[in-house]
Amino acid sequence: MEIVITDLTRFSNPDIVCIAGINKETGECIRPLPYIQLADCKRLNILPGNIIDGSFIKSANIENPHSEDCDYSGQLTRVRICESDEFQSVLESNLSVSISDGFNYPFPERGKVILSQFKPTKSIITLKVSTRNLEIVKDNFKEGKIRLHLLDNDGVRFSFLSITDLGFYNYAMKHYHDVDFPNIINNFIRQQDIVYLRIGLGREYQGGFWLQVNGIYTFPNYDTEIRSYS
């Protein structure tokens, strides 16, 4: 089965990453398990917008909201890189109106967590938002970390959402102390026509599932430093 990689997210353990992608034929979101070694991702050059092929089977112990979990056997292979319009089409095919709509949960202003008794049926959604409605900020309490402020399409504001997008994390680690960071990347985003966000839910923690930003994708242009392993 071929999937288009839409999520490349980091863990506190830097040696592994979580990838997820969308099957173009069915629109199904697939999260391969076990998690991938970062070294293997680098070796195969697995990045958002790449198409990979593998044998994916729904996990036997699957549990909401992480209904995308799939076991895989054998080797993952990189097929090719999507054209820009092809990748955008994949993201468009998976859109939710808002975070509350996508997870079927009424988030309050600046909410960050879905309580465990209200498990949604999915753990990753795609949003299409105005480039003027988001801002990347430093986490002044955790060195090197970055967060996202978002005005959602339904008017709900989200503050200091965790950014787990590996490319943005690596970029932040490299430029965190630059005098123009994060203004330079915010200005770049605002110069683009549109931005897509892959919004995920972490594994259950302290009685709930916490929001995280798995992917930030700008069109028509993207920052090549962010979308690389350099």
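Residues numbered from 1 in each chain as written. Predicted model: local features only at pLDDT ≥ 70, side-chain atom pairs only at ≥ 80, totals over all residues. Heavy atoms only, no water.

Caption draft 1: Spotlight on helix H4 (residues 166-175). With seven of its ten residues buried, H4 lies for the most part within the structure. Listing the buried residues of H4 in full gives Leu166, Gly167, Phe168, Tyr169, Tyr171, Ala172 and His175. Where H4 starts, the residue carrying a side-chain oxygen 2.9 Å from the main-chain nitrogen of Gly167 turns out to be Asp165. (Buried < 20%, exposed > 50% of the residue type's maximum accessible area, 1.4 Å probe, protein only. Helix = DSSP H or I, 4+ residues; strand = E, 2+ residues; numbered from the N terminus. Polar contact = N/O pair within 3.5 Å; in protein donor to acceptor, adjacent residues only side chain to side chain.)

Caption draft 2: View of the pairing of strand E6 (residues 69-81). Relative to E6, strand E3 (residues 29-33) runs parallel, the two sharing three bridges. Bridge assignment links Leu33 to a residue of E6, and that residue is Asp71. Taken together, the eight bridges between strand E5 (residues 50-58) and E6 define a ladder with antiparallel strand orientation. Across the sheet, the residue bridging to Lys58 is Cys70, located in E6. (Pairing = 2+ DSSP bridges.)

Caption draft 3: Here's a closer look at the pairing of E3. Taken across its five residues, E3 has five buried, putting it largely inside the fold. Residues of E3 alternate between two faces, with Cys29, Arg31 and Leu33 on one and Ile30 and Pro32 on the opposite face, all of them buried. Of the pairings in the sheet, the one linking strand E2 (residues 16-22) to E3 comprises two bridges and is antiparallel in character. Across the sheet, the residue bridging to Gly21 is Ile30, located in E3.

Caption draft 4: Representation of the packing of aromatic side chains. All chains considered together, the criterion is met by ten aromatic pairs. On the numbers, 5.9 Å between centres and 50 degrees between planes, the contact of Tyr105 with Phe118 is tilted. You can see Tyr105 sitting in the loop between helix H3 (99-103) and strand E7 (113-115) and its partner Phe118 sitting in the loop between E7 and strand E8 (124-129), a full 13 residues away along the chain. Given a relative accessible area of 13%, Tyr105 falls into the buried group. Ring geometry for Tyr171 versus Phe181: centroids 6.0 Å apart, planes at 45 degrees, classification tilted. In this pair, Tyr171 sits in helix H4 while Phe181 sits in the loop between H4 and helix H5 (183-190), placing the two residues ten residues apart along the sequence. For the pair Tyr171 and Phe181, a shared accessibility class is recorded, and that class is buried. Three or more aromatic residues joined by ring pairs form one cluster here, namely Phe87, Tyr196, Tyr217 and Phe219. Positioned above the aromatic ring of Tyr169 is the side chain of Arg10, whose terminal nitrogen or guanidinium carbon lies 3.7 Å from the ring centre. A cation over an aromatic ring shows up here: Lys138 above the ring of Tyr176, its NZ or CZ 4.7 Å from the ring centre. (Phe/Tyr/Trp six-rings, centres within 6.5 Å; stacked < 30°, edge-to-face > 60°. Lys NZ or Arg CZ within 6 Å of the ring centre and 35° of its normal.)

Caption draft 5: Highlighting the side chain of Asn23. Inspection of the secondary structure puts Asn23 in the loop between E2 and E3. Looking at Asn23, the relative accessible area reads 8%, which means it is buried. At a separation of 2.8 Å, a polar atom in the side chain of Asn23 contacts the main-chain amide nitrogen of Glu25. For Asn23, the residues in contact, after removing those within four places along its chain, are Met1, Glu2, Ile3 and Glu28. (Contact = heavy atoms within 4.5 Å.)

Caption draft 6: How the structure looks around the pattern of salt bridges. Using the criterion set out here, one finds 14 salt bridges in the structure. One salt bridge in this structure joins Arg31 and Asp69, with 2.5 Å as the shortest N-O distance. Here Arg31, found in strand E3, pairs with Asp69, found in strand E6; they are 38 residues apart in sequence, far enough to count as distant. Take Asp69: its relative accessible area is 6%, and that puts it in the buried class. A salt bridge links Asp139 to Arg147, with the nearest nitrogen and oxygen atoms 2.9 Å apart. (Salt bridge = Lys/Arg side-chain N within 4 Å of Asp/Glu carboxyl O.)

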